[in-house]
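A look at the structure
As a plain string of letters, each chain reads:
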Amino acid sequence: MGFEREMLSPAAGGDDLQVEAALRPKRLSEFIGQARVREQLSLVLESALRRQRPPDHVLMSGSPGLGKTTLAMIIAAELNAPLRVTSGPALERAGDLAAILSTLTEGEVLFIDEIHRMARPAEEMLYLAMEDFRVDIVVGKGPGATAIPLDVAPFTLVGATTRAGLLPAPLRDRFGFTAHMDFYEVAELEQVLQRSAGLLGVTLPADGALEIARRSRGTPRIANRLLRRVRDFADVRADGVINREIASAALNLYEVDAEGLDRLDRAVLGALLKNFGGGPVGLSTLAVAVGEEPETVEVVAEPFLVRQGLLARTPRGRVATAAAWIHLGMTPPPDVFGAPDFT
Ligand SMILES: Nc1ncnc2c1ncn2[C@@H]1O[C@H](COP(=O)(O)OP(=O)(O)O)[C@@H](O)[C@H]1O
Ligand SMILES: [Mg+2]
């Protein structure tokens, strides 16, 4: 199983998937962190409820595991509306989308995950549906083809993407509200962990929660996953209590380092430093060096490395910062990117 399968798709195993569903907050008030997004969204929802109209279409962008799917479900729950779930890769032909749109009921929430991966013809159909609640079904081929207009019940589209930059402008512009999800603060992840520990019936002292939170890559999904791995460790190797020492020992065993970098993160940094002298190097060259798809490196590893100040994306390619050299226990070269100026 590659990194992509572990982190991008829900293929982490049936058990993980079930636990993930059980740990999902169901209402906006249970959703931890992302204060600005929460406030903006609650206004959008509240005013829609008052006007008794479906709210504007909502786009959510952010790294995997930050809560996009969770928020989509919450939006439907808060509106007391049914939810239809699909994903970009499932909408290969316009007909796939037409089949869904034509059966929506009034006020329904349509969630399209990974919306940037939708096929072009489906995308064009979606523009019209979003704007005019109408689709044109093309019947026949060639000169005899006719477009039959079909009304679509007023619905709310919720789109999620890990790569907002890939969305064509006409699609992006048709969303009334875009929520940018950021990595979580350590204190917020401590709350996520305490909530999950409560639901899972795990005893989690504050120092253990802090240690896991610090090493969760700013990501609730990872926090929850690490909590379960640490719990396993505590059950087998200790008395089940997750204090700081136990959490730290377990995370070391699972190759999560003190700053939360996992194997892929360290592989990317290691290749950048050792194979390319710290860069600049192009994304695809870097990806080949770590044996991963460029998209995995770009979507899964890089955003966190950038946010930690370990890697920079420059017009000439990826560059390691002085902090990256130090993090991997090496001495940064004198002309390193972002080096403090001692002169
Ligand atoms: N704000 C949050 N508060 C509590 N738990 C969260 C929050 N955001 C995400 N989670 C947890 O993280 C897991 C992954 O969230 P998900 O919505 O699937 O992320 P995404 O769709 O962005 O990849 C969920 O199981 C949920 O339990
Ligand atoms: Mg998701």
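Just so it is clear, the structure is predicted and the values come from calculations on it, not from any experiment.

On to the sheet that holds strand β7 (residues 177-180), then. The sheet built from 5 strands is open, its strands ordered β2-β3-β6-β1-β7 with parallel pairing. Strand pairing shows two members of the sheet lacking a second neighbour, β2 (83-87) and β7, which therefore form its edges. The average undirected angle you get between the axes of adjacent strands in this sheet is 15 degrees. As judged from the 4 bridges shared by strand β1 (residues 58-61) and β7, these two strands associate in the parallel manner. Following the sheet pairing, Met 60 is matched in β7 by Ala 179. Contacting β1 and β7, helix α3 (residues 35-51) runs over the sheet at an angle of about 160 degrees to β7.

The next point concerns the pairing of strand β3 (residues 109-113). The buried fraction of β3 is high, at 4 of 5 residues. Where β2 lies against β3, 5 bridges are found, and the strand directions are parallel. Note on β3: the bridge partner recorded for Thr 86 is Ile 112. In this fold, β2 hands off to helix α5 (residues 94-101), which returns the chain to β3; that crossover is right-handed. Sheet topology places β3 next to strand β6 (residues 156-161); 4 bridges connect them, and they run parallel. Opposite Val 109, over in β6, you have Thr 156 as the bridge partner.

All right, on to the pattern of salt bridges then. Overall, the coordinates contain 25 salt bridges when judged by the stated rule. Residues Arg 244 and Glu 245 are paired through a salt bridge, measuring 4.0 Å at the closest nitrogen-oxygen approach. Salt bridges linked by common partners bring Arg 163, Glu 298, Glu 302, Arg 313 and Arg 318 together as one network.

Now for the UniProt feature "binding site: DNA" (unreviewed entry) in the chain. According to UniProt, the "binding site: DNA" (unreviewed entry) feature falls on Arg 313 and Arg 318. For Arg 313, the location among the structural elements is in strand β8 (residues 311-314). The residues contacting Arg 313, other than those within four sequence positions of it, are Glu 298, Glu 302, Pro 303, Val 306 and Arg 318. Here Glu 298 takes part through its backbone oxygen, which lies 3.2 Å from a polar atom of the side chain of Arg 313. Locating Arg 318 in the fold gives a position in strand β9 (residues 317-320). Among residues more than four places away in sequence, those in contact with Arg 318 are Leu 272, Gly 278, Gly 279, Pro 280, Val 281, Leu 283, Leu 286, Glu 298, Glu 302, Leu 311, Ala 312 and Arg 313.

Here the amide bond leading from Gly 279 into Pro 280 is cis, since omega sits at 5 degrees, within 30 degrees of zero. Tracing the backbone shows Pro 280 in the loop between α12 (263-274) and α13 (283-290). A positive phi is found at Gln 52, a non-glycine position, where the angle reads about 55 degrees. Here Gln 52 lies in the loop between α3 and β1. The phi dihedral of Glu 255 falls on the positive side, at around 65 degrees, and the residue is not glycine. Take Glu 255: it is sitting in the loop between α11 (244-253) and α12. Take Glu 255: its relative accessible area is 39%, and that puts it in the partly exposed class.

Cut-offs used in this document
Residues numbered from 1 in each chain as written. Chains lettered and ligands numbered in written order. Predicted model: local features only at pLDDT ≥ 70, side-chain atom pairs only at ≥ 80, totals over all residues. Heavy atoms only, no water. Pairing = 2+ DSSP bridges. Helix = DSSP H or I, 4+ residues; strand = E, 2+ residues; numbered from the N terminus. Axes fitted to C-alpha atoms, helices over the stretch in contact; angles between N-to-C directions. Contact = heavy atoms within 4.5 Å. Buried < 20%, exposed > 50% of the residue type's maximum accessible area, 1.4 Å probe, protein only. Right-handed = clockwise from strand over helix to strand, strands pointing away. Salt bridge = Lys/Arg side-chain N within 4 Å of Asp/Glu carboxyl O. UniProt positions renumbered as here; feature names shortened; annotations may be inferred. Polar contact = N/O pair within 3.5 Å; in protein donor to acceptor, adjacent residues only side chain to side chain.

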